[in-house]
Amino acid sequence: MSLLEVSGLEAGYETGQILFGIDLAIEEGEAVGLLGRNGAGKTTTMRAIMGADLPRIIDGSIRYRDAELLDRKSYDRADQGISFVPEERQLFPRLTVTENVHIAASAAEDPLPAEEMFDLFPELDEMRDRHAKNMSGGEQQMLAIARALVSNPDLMLLDEPCEGLAPQIVERLEDVVTRINDERGVTVLIVEQNVATAMAVADRHYILDEGRIVEEVTTDRLREDDELRQRHLGV
Ligand SMILES: Nc1ncnc2c1ncn2[C@@H]1O[C@H](COP(=O)(O)OP(=O)(O)O)[C@@H](O)[C@H]1O
Ligand SMILES: [Mg+2]
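About the cut-offs
- Residues numbered from 1 in each chain as written.
- Chains lettered and ligands numbered in written order.
- Predicted model: local features only at pLDDT ≥ 70, side-chain atom pairs only at ≥ 80, totals over all residues.
- Heavy atoms only, no water.
- Buried < 20%, exposed > 50% of the residue type's maximum accessible area, 1.4 Å probe, protein only.
- Helix = DSSP H or I, 4+ residues; strand = E, 2+ residues; numbered from the N terminus.
- Pairing = 2+ DSSP bridges.
- Contact = heavy atoms within 4.5 Å.
- UniProt positions renumbered as here; feature names shortened; annotations may be inferred.
- Axes fitted to C-alpha atoms, helices over the stretch in contact; angles between N-to-C directions.
- Parallel < 35°, antiparallel > 145°, perpendicular 65-115°, else oblique.
- Near = heavy atom within 4 Å.
- Polar contact = N/O pair within 3.5 Å; in protein donor to acceptor, adjacent residues only side chain to side chain.
- Areas by Shrake-Rupley, 256 points an atom, 1.4 Å probe, with all protein chains shown as cover.
- Nonpolar A, V, L, I, M, F, W, Y, C, P; charged D, E, K, R; others polar.

Would you mind going over the pairing of strand β7 (residues 155-159) in detail, with residue names and values included?
With five of its five residues buried, β7 lies for the most part within the structure. Where burial is concerned, the two faces of β7 agree: the one with L155, L157 and D159 and the one with M156 and L158 are both buried. In terms of strand pairing, strand β6 (residues 82-85) meets β7 through four bridges, oriented parallel. Across the sheet, residue F84 finds its bridge partner in β7, namely L157.

Explain the environment of A132 to me, and be specific about the residues and the numbers.
Tracing the backbone shows A132 in the loop between α5 (122-125) and α6 (137-149). Of the residues examined, A132 reaches a relative accessible area of 2% and is grouped as buried. Each C-alpha atom, one on A132 and one on V97, is 6.2 Å from the other, the two residues being 35 residues apart in sequence. In this structure A132 touches L91, F92, P93, L95, N100, Q140 and L143, once residues within four positions along its chain are discounted.

A description of the UniProt feature "domain: ABC transporter" (unreviewed entry) in the protein chain should follow, citing residues and the corresponding values.
The UniProt feature table records "domain: ABC transporter" (unreviewed entry) at residues 4-235. The distance separating the terminal C-alpha atoms of residues 4-235 is 29 Å; by composition the span is 38% helix and 28% strand.

Residues and numbers for the packing of α6 against helix α7 (residues 167-182), please.
Viewed as axis vectors pointing N to C, α6 and α7 meet at an angle of 10°, and their least axial separation amounts to 10 Å. The orientation of α6 with respect to α7, classified from their angle, is roughly parallel. Contacts between α6 and α7 involve G138, Q141, M142, I145 and L149 from the first element and I169, R172, L173, V176, V177 and I180 from the second.

I'd like a description of the site of ligand 1, backed by residues and values.
Neighbouring ligand 1 are the residues Y13, T15, I18, R37, N38, G39, A40, G41, K42, T43, T44 and R47. The contact in question runs from an oxygen atom of ligand 1 to an N or O atom on the side chain of T44, over 2.5 Å. Within the contact set of ligand 1, a nitrogen atom lies 3.3 Å away from a side-chain nitrogen or oxygen of R47. Burial of ligand 1 by the protein chains amounts to 62% of its free accessible area of 560 Å². Here the element with the most residues in the shell around ligand 1 is helix α1 (residues 42-50); it accounts for four residues. When its residues are assigned to classes, the shell around ligand 1 shows three nonpolar, six polar and three charged.

Which residues make up the sheet that holds strand β2 (residues 16-26), and what values go with them?
One open sheet holds the four strands; their spatial order is β2-β1-β4-β5, and the pairing between them is antiparallel. Both outer strands of the open sheet, β2 and β5 (67-68), are each paired with one neighbouring strand and no more. Alignment of strand β1 (residues 4-13) against strand β4 (residues 56-64), held across seven bridges, turns out to be antiparallel. Paired with G12 across the strands is R56, a residue of β4. Across the sheet, α1 touches β1, β2 and β4, and the angle it forms with β1 is around 115°.

Can you break down unusual backbone geometry residue by residue, with the values?
Phi is positive for D66, close to 65°, though the residue is something other than glycine. Along the chain, the position of D66 falls in the loop between β4 and β5. The backbone phi angle of E160 is positive, close to 45°, even though this residue is not glycine. For E160, the position within the fold is in the loop between β7 and α7. E160 gets classed as buried once you look at its relative accessible area, which sits at 6%.

Give a detailed account of the sheet that holds β7, specifying residues and quantitative values.
In any sheet, the strands associate via hydrogen bonds between backbone groups, in a parallel or an antiparallel arrangement. Ordered by their spatial adjacency, six strands build an open sheet running β6-β7-β8-β3-β9-β10, and the pairing between neighbours is mixed. Two strands lie at the open edges of the sheet, namely β6 and β10 (212-218), each paired on one side alone. Averaged over all pairs of adjacent strands, the angle between their axes in this sheet comes to 20°, without regard to strand direction. By the bridge criterion, four bridges tie strand β3 (residues 31-35) to strand β9 (residues 204-209) in an arrangement that is parallel. Note on β9: the bridge partner recorded for V32 is R204. Packing of α1 onto the sheet brings it into contact with β3, β6, β7, β8 (187-192) and β9, and relative to β7 it is tilted by some 150°.

See the structure below:
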């Protein structure tokens, strides 16, 4: 039994269908990439899994620990151990680092101690009292990841965590996500347009093109196959 199994998922918005039969499975402990060009449907897939920003579900199933998720509320999915770091981060801008972490912890069923977040992110430790709105993009992204992690998830969904960030920060975030997966055993599904980041973090990848999974590849194959990257990712 896979930790997460998406089968035949057809979904979209009021304006039209975006996903046309998505099949993917993630085993416990894996780190998996979900790749594809802008507009391919990556974020819509994440939202369908998390039950957030409600895409319209047309057909299919999303099973987590062998139970159907689609009829559950987003907070129920969070209680079951799924946490989502959305593209737009959705921090509380007027709250401090500590407050953002504590709010997430207090909303969780079985949170980790906040101090563990500050051990994992020494950068945040040094700015506990800073308001989120006064942090750099990279610092905000670390806070968004810390906030998702403090709820003690089994599965973490990350939507383009490195988008628009400087190379040193990207490297730092790759390291953090790898540690969350390797050392803490959190299963990771990471969406990236930056293929190098996806390859640094994940062992295998699904490639999404116009709402369909067109390839499932290992990192080694993705690295070697220039034509494949060019065809589906344009890089
Ligand atoms: N809230 C929404 N309402 C209507 N259409 C949307 C919404 N969000 C995304 N879309 C559309 O769905 C398609 C896929 O978007 P998205 O899943 O965000 O792609 P990706 O994350 O791969 O860039 C795009 O054509 C986008 O314009
Ligand atoms: Mg997106």
